[in-house]
Amino acid sequence: MRKSTSRTLWIIAGILLIVAGLFCIFKPDTIFYSLSFLLGFVMLISGIVDIVIFVSSHRFMAGSGWFLADGILTVLLSLFVLGNEWMVTLTLPIIFGMWMMFSGITKLVNSFDLHQLHIPGWGWFTAMGLILTVVGIISFLNPLSGMAAMAAGIGFFLILEGIVSILRGYFVGRFWL
């Protein structure tokens, strides 16, 4: 896969994640009716993009194994969310927190790989990884927070994931060896 195709896919996934995040923040009253589908669909697209980019470019990208790990977990969680809508409503804080923590940890570890390879921009991934990990831990500490706060938290997380995806697209040339 060419760098420009990877860049485009990551930027499209990032834009979709940001739009979904803004929808969660600005429409918290209606989001809960379609939350399972929206969250599952966006997670599925994001995971597939990471896997496709890994499959086509893993020999040329630094730290590509972490893209694959993040993509696989995201796809598996998205299938769970899409297939169990009633259960998702009951377990959303746990699922959401698990996704945030794992995604944050993989981004954090990937940033250390990028740092060791002296790739500029690695600090952005460190910062986003730390933020995502902390927000995931907070989700586990207070799972019964208000529904509006949960929608805002989900929206914030989706926006962070979107920013990371767009950053991947922006820095895609730096990943190729």
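Refer to the structure presented above.
What follows deals with the overall build of the protein. When helices and strands are tallied, the protein shows seven helices and zero strands. For the protein, the N- to C-terminal ordering of α and β elements is α-α-α-α-α-α-α. As presented, the protein carries roughly 8400 Å² of accessible surface, and 76% of it is formed by carbon and sulfur atoms.

Glancing now at the environment of glutamate 85. Along the chain, the position of glutamate 85 falls in helix H4 (residues 85-116). Given a relative accessible area of 43%, glutamate 85 falls into the partly exposed group. Along the sequence, glutamate 85 and serine 36 sit 49 residues apart, while their C-alpha atoms lie 5.5 Å from each other.

Here we come to empty space enclosed by the protein. For the structure on display, the rule yields two cavities of 30 Å³ or more. In this model, the largest cavity occupies a volume close to 50 Å³. Contributing to the lining of the largest cavity are Ser46, Asp50, Asp70, Lys107, Glu161, Val164, Ser165 and Arg168. Among the secondary structure elements, those contributing two or more residues to the lining of the largest cavity are helix H2 (28-57) and helix H6 (147-170). Ranked by residues supplied to the lining of the largest cavity, first place goes to H6 with four residues. Considered class by class, the residues forming the lining of the largest cavity number one nonpolar, two polar and five charged. In terms of lining residues, the second largest cavity is bounded by Trp66, Phe67, Thr106, Lys107, Asn110, Phe125 and Arg168.

Looking now at the nonpolar core. With 29 residues, the main nonpolar core has Leu39, Trp99, Ile154 and Leu158 as its most contacted residues. Every element with two or more residues in this core is listed here: helix H1 (3-26), H2, helix H3 (64-83), H4, helix H5 (122-141) and H6. Ranked by residue count, the leading element in this core is H6, at seven residues. Core analysis: the second largest hydrophobic core is formed by seven residues, Trp10, Ala13, Val49 and Phe67 among them.

Attention shifts here to H1. The periodicity of an α-helix, 3.6 residues per turn, causes residues three or four places apart in sequence to face the same way. Spanning 24 residues, H1 covers 34 Å between terminal C-alpha atoms, matching the ideal 34 Å at 1.5 Å per step. Among the residues of H1, Ser6, Trp10, Ala13, Gly14, Leu17, Ala20, Gly21 and Cys24 are the ones counted as buried.

Backbone geometry places histidine 118, a non-glycine residue, at a positive phi of 60°. Within the secondary structure, histidine 118 is located in the loop between H4 and H5. A relative accessible area of 69% means that histidine 118 is categorised as exposed.

Rules and cut-offs
- Within every chain, residues take consecutive numbers counted from 1 along the sequence as written.
- At least 70 in pLDDT is required for a residue's local features to be given in this predicted model, at least 80 for side-chain atom pairs to be given and counted, and no such filter applies to totals for whole chains, interfaces and linings, which use all residues.
- Only heavy atoms go into the side-chain values, all of them from the structure, while hydrogens and water stay out.
- Counting from the N terminus, the helices are DSSP H or I runs at least four residues long and the strands are E runs at least two residues long.
- Where accessible areas are quoted, they stem from the Shrake-Rupley method and a 1.4 Å probe; at the residue level, only the protein chains shown are allowed to cover.
- Buried, partly exposed and exposed residues are distinguished by accessible area as a fraction of the type maximum, computed with a 1.4 Å probe on protein chains only: under 20%, between the cut-offs, and over 50%, respectively.
- Grid spacing is 1 Å over the protein atoms alone, the probe is 1.4 Å, and a cavity is where that probe fits but cannot get out, while a pocket is an open set with protein on both sides within 12 Å along at least five of seven lines and lining residues have an atom within 4 Å of a point.
- Grid points are joined across faces, edges and corners, and a volume is the space filled by probe spheres set on the points.
- Residue polarity is assigned by list, with Asp, Glu, Lys and Arg as charged and Ala, Val, Leu, Ile, Met, Phe, Trp, Tyr, Cys and Pro as nonpolar; anything else, Gly included, falls into the polar class.
- Buried residues of nine kinds, namely Ala, Val, Leu, Ile, Met, Phe, Trp, Tyr and Cys, make up a nonpolar core once their side-chain atoms join them within 4.5 Å.
- In a helix, the anticipated span is given by 1.5 Å times the number of residues less one.

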